[in-house]
Structure formats: structure tokens, C-alpha cells
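Next come the chains, spelled out residue by residue.
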Amino acid sequence: MLLILTVVGIHRYPGSELVFFVVLGVVGTSVLGAGTLHYVAFYRAADEVRHGYTTLERSYQEVEKLDPVSGRTIRAAGEPYLDQKTRADRIATGFDLSAHSPAAAVPSDPYRQYRSRWQWTLLGVGVAASILAFLFRLSEGTR
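Participant: What is the right way to read the confidence of the model for the protein chain from this model?
Facilitator: Caution applies to low-pLDDT parts of the model: their predicted coordinates are not meant to be read in detail. Taken over all residues, the pLDDT of the protein chain has a mean of 78, while the share at 70 or more is 76%. The secondary structure element of the protein chain with the lowest average pLDDT is helix 1 (residues 2-9), at 66, and the one with the highest is strand 1 (residues 53-54), at 88. When the criterion is pLDDT under 50, residues 103-108 qualifies, and its contacts beyond four places in sequence or with other chains add up to ten contacts.

This is the structure in C-alpha cells:
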């Protein structure tokens, strides 16, 4: 929102170009950083699933769940997700399942991202707001 207001009001206030570039730098750096972290985490999760396990909570039920600290298998592939108490008990007692689970790990496509209706709506609103701000800026420049 601050970026849009800066672009719209850049011609009205002297020196606002500096504010624009500072805001652009902060927003750009934040977006690039968040995007990079997102894809690193997504790649790591997909790599785990490709190897037949996961360390994520309540994700990829079709593969074994490993404790991220000890590396022990605390849930078999296909077993229902663990509640908090069961998970804590299994970790505390050193519970470890055999690497040869009776259920074969058959992951779906771990690289597919599913977006909710709200994510698509927010994406559309963001694109529409950007286009409207750009057109408004163009119309202000022609007056």
C-alpha cells in the first residue's frame, strides 16, 4: 500500500523520489528474501518426500514421519497423523519403527502447489490494484 501511495504521489512532493526508491528497495528485498526462503523450504520438503520420509507436521501422510532432531521414524507411512501427546510420548520413549514399513511410500507430486480460492482472490486484487495505480499515474502525468 505504501508503495502504491508513493507512486501515485511522487510528482506532488519534492524529494519523494528518494522515498520511492527506499520503499521499493525494502519491499523488493523483502519479497525476494521471502520468495527464496519459500522455495528453499519447498525444495527441501519435496526432496524428503522423494526419499520416502518427511519431518513436517501433518504433511505427506503417505510417507514415514521422522523426528527432525533424532532422525527416528515415529510414524509409519499411511498411518494417521500423530496427535501432540502421542508424538511427545514416542519421542520421549525412543520409539523407532523399522525402515521397512509394510505400506509403500508412494508420494503424489511433491512439487505441485495448491492455492486456495483466497490466495487466487488476493493475487487478482493485487494485480488489479497495480494496474489501476499505474493507469492513475499515467492519467495524472497527462494533465
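Participant: Even after reading the chapter, I still don't get the pattern of salt bridges, so can you show me in this structure?
Facilitator: Opposite charge on two side chains lets them pair, provided their charged atoms get close. As enumerated under the stated definition, the model contains six salt bridges in all. Across the pair Glu57 and Lys65 runs a salt bridge whose closest N-O atoms are separated by 3.3 Å. Note on Glu57: relative accessible area 40%, which makes it partly exposed. When its relative accessible area of 4% is taken as the criterion, Lys65 is described as buried. Between Arg90 and Glu79 there is a salt bridge, and its shortest N-O distance comes to 3.1 Å. In this pair, Arg90 sits in helix 3 (residues 84-92) while Glu79 sits in the loop between strand 3 (73-75) and helix 3, placing the two residues eleven residues apart along the sequence. Using a relative accessible area of 16% as the deciding quantity, one classes Arg90 as buried. Residues joined by salt bridges that share partners form a network here, namely Glu57, Lys65 and Arg87.

So, how was this worked out
Residues numbered from 1 in each chain as written. Predicted model: local features only at pLDDT ≥ 70, side-chain atom pairs only at ≥ 80, totals over all residues. Heavy atoms only, no water. pLDDT = per-residue confidence, 0-100. Helix = DSSP H or I, 4+ residues; strand = E, 2+ residues; numbered from the N terminus. Contact = heavy atoms within 4.5 Å. Salt bridge = Lys/Arg side-chain N within 4 Å of Asp/Glu carboxyl O. Buried < 20%, exposed > 50% of the residue type's maximum accessible area, 1.4 Å probe, protein only.

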